[in-house]
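Listed here are the chains, written in short residue letters.
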Amino acid sequence: MSVVVRGTGRYLPERQITNADLEKWVDTNDEWIRTRTGIHTRHMLAPDQATSDMATEAGRRALDDAGLRAEDLDLIVVSTLTPDMLTPSASNLVQANLCKGRGIPSFDLNAACSGFIYGLQVVSSLIESGSYRRALLVGAESLTRFVDYEDRSVCVLFGDGAGAVVLESSDSPGGIRGIRLGSAGVHAELICLPGGGSRRPPSIEVLEARDHYLKMQGNKVFKLAVQSMEQVARDTLGDVGWSIDDLDLVLAHQANRRILDAVRSRLEVPDAKMPLNVDRMGNTSAASIPVLLDECLGEGRIRSGDKLMLVAFGAGLTWGCCALEWA
Ligand code: UT7
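A. View of unusual backbone geometry. Between T87 and the following residue, P88, the backbone shows a cis peptide bond with an omega angle of 0°. Position of P88 among the secondary structure elements: in the loop between β4 (75-79) and α4 (90-99). Cis geometry is adopted by the peptide bond preceding L317, which originates at G316 and carries an omega value of -10°. Located in the positive-phi region is E268, a residue other than glycine, with phi close to 60°. By relative accessible area, which is 66% here, E268 ends up exposed. Positive phi, normally seen in glycine, also occurs at S285, with a value near 50°. Secondary-structure assignment places S285 in the loop between α10 (278-281) and α11 (288-298). Here S285 falls in the buried class, since its relative accessible area comes to 1%.

B. Seen up close, the environment of E150. You can see E150 is positioned in the loop between β6 (134-142) and α6 (152-155). For the pair E150 and W25, spaced 125 residues apart in sequence, the C-alpha to C-alpha distance is 7.8 Å. Look past the residues within four positions of E150 in its chain and what remains in contact with it is V26 and R210.

C. Local environment of the pairing of strand β12 (residues 307-314). Within β12, seven of the eight residues are buried, which leaves it mostly tucked inside the rest of the structure. Taking the residues that link successive antiparallel strands as the turn, the β12-strand β13 (residues 318-325) hairpin has three residues, and the phi of G316 there is positive, at about 140°.

D. Expanded view of the pattern of salt bridges. Following the criterion strictly, the structure yields 21 salt bridges and no others. The closest approach of N and O atoms between E168 and R134, which form a salt bridge, is 2.7 Å. In this pair, E168 sits in strand β7 (residues 160-170) while R134 sits in strand β6, placing the two residues 34 residues apart along the sequence. For R134, a relative accessible area of 8% translates into the label buried. When the shortest N-O distance is used, the salt bridge between D261 and R264 registers 2.6 Å. Here the residue D261 and the residue R264 both occupy positions in helix α9 (residues 257-267), the gap between them amounting to three residues, near one helical turn.

E. The sheet that holds β4, seen in detail. With mixed pairing, the five strands of this open sheet are ordered in space as β1-β7-β6-β4-β5. Since the sheet does not close on itself, it has two edges, and those belong to β1 (2-11) and β5 (106-109), each with one partner. Neighbour-to-neighbour, the strand axes of this sheet turn through a mean angle of 20°, independent of strand direction. Here β1 pairs with β7 via nine bridges, running antiparallel. Within β7, the position partnered with S2 by the bridge is S170. Relative to the sheet, helix α5 (residues 115-128) contacts β1, β4, β5, β6 and β7, its axis offset from that of β6 by approximately 165°. Packed on one face of the sheet, α11 meets β1, β6 and β7 and runs near 90° to β1.

F. View of the domain arrangement of the protein chain. Domain boundaries assigned for the protein chain yield domain 1 (2-172) and domain 2 (177-273 + 288-325). Computed over C-alpha atoms only, the centres of domain 1 and domain 2 are separated by 15 Å. Of the residues lining the interface, 35 residues belong to domain 1; the matching set on domain 2 comes to 34 residues. Counting each side, the surface lost to burial between domain 1 and domain 2 is near 2800 Å², with a carbon and sulfur contribution of 66%. Along the contact surface separating domain 1 from domain 2 lie three salt bridges. For the salt bridge of D294 with R10, the shortest nitrogen-to-oxygen distance reads 2.8 Å. Seen at the junction of domain 1 and domain 2, the total is 12 residue pairs in polar contact (both at pLDDT 80 or more). Those elements that provide at least two residues to the side of domain 1 that touches domain 2 are β1, α2 (30-37), α5 and β7. A per-element tally of the side of domain 1 that touches domain 2 places α5 first, with six residues.

What counts, and at which threshold
- Residues numbered from 1 in each chain as written.
- Predicted model: local features only at pLDDT ≥ 70, side-chain atom pairs only at ≥ 80, totals over all residues.
- Heavy atoms only, no water.
- Helix = DSSP H or I, 4+ residues; strand = E, 2+ residues; numbered from the N terminus.
- Buried < 20%, exposed > 50% of the residue type's maximum accessible area, 1.4 Å probe, protein only.
- Contact = heavy atoms within 4.5 Å.
- Pairing = 2+ DSSP bridges.
- Salt bridge = Lys/Arg side-chain N within 4 Å of Asp/Glu carboxyl O.
- Axes fitted to C-alpha atoms, helices over the stretch in contact; angles between N-to-C directions.
- Domains from an automatic or database assignment.
- Buried area = accessible area lost by both parts, 1.4 Å probe.
- Polar contact = N/O pair within 3.5 Å; in protein donor to acceptor, adjacent residues only side chain to side chain.

In structure tokens, the structure reads:
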């Protein structure tokens, strides 16, 4: 028995924020953003939208792609660090939207930008254990709501969106071959949203210090991101006995063009095998890999039997890698 991806879907909000838009809001410029990050534009959710709305739509599209209905699901998991509210979880709201009164379990998982890979391990293990047969896993984020449009080093990087996969048990060849996860909480302060939680609940002081916004020490994150992604990729390939040459496609978390270039060159992955959409999306955290996967499938870049490597890095710090043979 293996766990396979039966369908995929993505939702990106209509509104796009270009570098020219950002130039009007903060002291930055298109040239700096393009050369340092590779980002040209990113999506921003509408004022009346929240993470669960995007996750629901991506989920619906993944179900359509799989030829299934919500009634066919046993479990819903949403990977996000930007839920609609602290409780209930975004997945509970997605479950209400998709399943109406049906009581299947749903929960959120927060591993920041590595959330989709963490979700793959949790959900595939639950399916392998026999507890569930079919699950919807969504990576969804609305980071434009949590970045400070007075902090030019962070606000230019992030975008909103959602990507979803339907995972199920299968007897056919292919599926998830191996997953490695890791974390380094000792570096928690490098990417951190300090206010609004139990340590510093919402208050005038938190708002005045702008601590309800994401803070990041980009330089330090950059180096650790490259090192961790390279290492976890090598370890995962070692686990499953694949070489870089065996891979048909590497889907890496779209954090920043320079990080992706560095990882690609260290691993010696040919350009053509490592698709990028960071120029159009920015960093969409847990949504980035499932959005990219859905795009690649839409472009006919993935065929049955292809060997894929999904690799991510994010706040926590966290990292993860999945070796997946397309069924
Ligand atoms: O999923 C993981 C999430 N995190 C990341 O992906 C972030 C990883 N880090 C990075 O991508 C890069 O560190 C950044 C893109 C965030 C920054 O690039 P950098 O080459 O590390 O720049 P820096 O922070 O060293 O800043 C260089 C200069 C500074 O000016 P001074 O001190 O040299 O005068 C910054 O103030 O660039 C300035 N700067 C900007 N200038 C124009 C910072 N942000 C901007 C901006 N526009 N948006």
